[in-house]
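Architecture at a glance
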Amino acid sequence: MNLHQDTCMVLFDQETIAKRVAELGRQITRDYQGKNLLMICTLRGASVFFCDLIRHIDLPLKIDFIATSSYGCSTTTSGEVRMIKDTSESVKGKDVVIVEDIIDSGLTLSFLKKMFEAREAASVKVCTMLDKPEGRKVDFKGDYVGFEVPNAFVVGYGLDYAEKYRNLPDVCVLDPKIYS
Ligand code: IMP
């Protein structure tokens, strides 16, 4: 059994991803000089991206983790964002960068961004590895975006389907026969 056999196309291989993550890290390093940077990872999908990204940011920073759920074992959002785990520390006065695996409907990130703004973060920006613009249900734009993806269900580099495929090193399109 090999994980790639359930996928139908590699969209971004590990070398391409590594280069782009390093670029995003350099961009954040330039933009956050002298700021009170707090990087918040959205569990579990962004965990792989997050660990790579923070090691390309050459600045003092803090990290925290948050978990939400809107998908369960489906390939489409339920439309309702549930908070499963909140941050451990207060975001008040911090320059927050939310790190996400993918923006699809935009519901999760618009919910989180509003929540951190209401908690008086000094600033709130979003860094996402992938962006699926055709999936939007609400208007939302990431501040730092790794790659755009087509309207297909993708897995790998932290992204799952029913908790599988997170350990694939490449971002791949999942074969529709797996979920149809
Ligand atoms: P949104 O609230 O619809 O923008 O969804 C964001 C979350 O949905 C992401 O953090 C992922 O967990 C999940 N998601 C959306 N599209 C995909 C996909 O193609 N593959 C895996 N997870 C996805």
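Provided above is the structure to which this section pertains.
Read on for an overview of the structure. (Residues numbered from 1 in each chain as written. Predicted model: local features only at pLDDT ≥ 70, side-chain atom pairs only at ≥ 80, totals over all residues. Heavy atoms only, no water.)

1. Details of the sheet that holds strand E5 (residues 95-103)
Short version of the rule: Following DSSP output, two strands are said to pair if at least two bridges run between them. Put simply, DSSP H or I for four residues or longer makes a helix, DSSP E for two residues or longer makes a strand, and each gets a number counted from the N terminus. Lines fitted to C-alpha atoms define the axes here, with helix axes fitted over just the stretch in contact, and angles between the N-to-C directions of these axes take values from 0 to 180 degrees. In this description, contact between two residues means that some pair of their heavy atoms is separated by no more than 4.5 Å.
Overall, mixed pairing links the six strands, which are arranged E4-E3-E2-E5-E6-E7 in an open sheet. Each edge of the sheet is formed by a strand with only one pairing partner; in this case those strands are strand E4 (82-85) and strand E7 (144-148). Along the sheet, successive strands turn relative to each other by an average axial angle of 30°, direction set aside. Pairing of strand E2 (residues 37-43) with strand E3 (residues 62-69) involves six bridges; the strand directions are parallel. Its bridge partner being in E3, Ile40 is matched across the sheet by Asp64. Set on the sheet, helix H2 (residues 47-54) makes contact with E2, E3, E5 and strand E6 (123-131); between it and E2 the angle comes to about 155°. Strands E2, E3, E4, E5 and E6 of the sheet are contacted by helix H3 (residues 107-118), whose axis makes an angle of about 170° with E5.

2. Digging into the side chain of Asp64
Definition in use: Buried means the residue's accessible area, taken with a 1.4 Å probe over protein chains only, is under 20% of the maximum for its type, while exposed means over 50%, and partly exposed covers the values in between. Neither His nor the chain ends contribute to the count of charged residues, in which Lys and Arg are positive and Asp and Glu negative. A carboxyl oxygen of Asp or Glu within 4 Å of a side-chain nitrogen of Lys or Arg is what we treat as a salt bridge. Polar contacts, as used here, are pairs of N or O atoms within 3.5 Å; protein pairs need one atom able to donate a hydrogen and one able to accept it. Residues neighboring in sequence count only if both atoms are side-chain atoms.
Following the sequence through the fold, Asp64 ends up in strand E3. The side chain of Asp64 is buried and forms no salt bridge, while Lys85, the nearest opposite charge, is found at 4.3 Å. Of note is the side chain of Asp64, whose polar atom sits 3.0 Å from the backbone nitrogen of Ser88. In this structure, Asp64 is in contact with Leu38, Met39, Ile40, Cys41, Phe50, Lys85, Thr87, Ser88 and Glu89, ignoring residues within four places of it in sequence.

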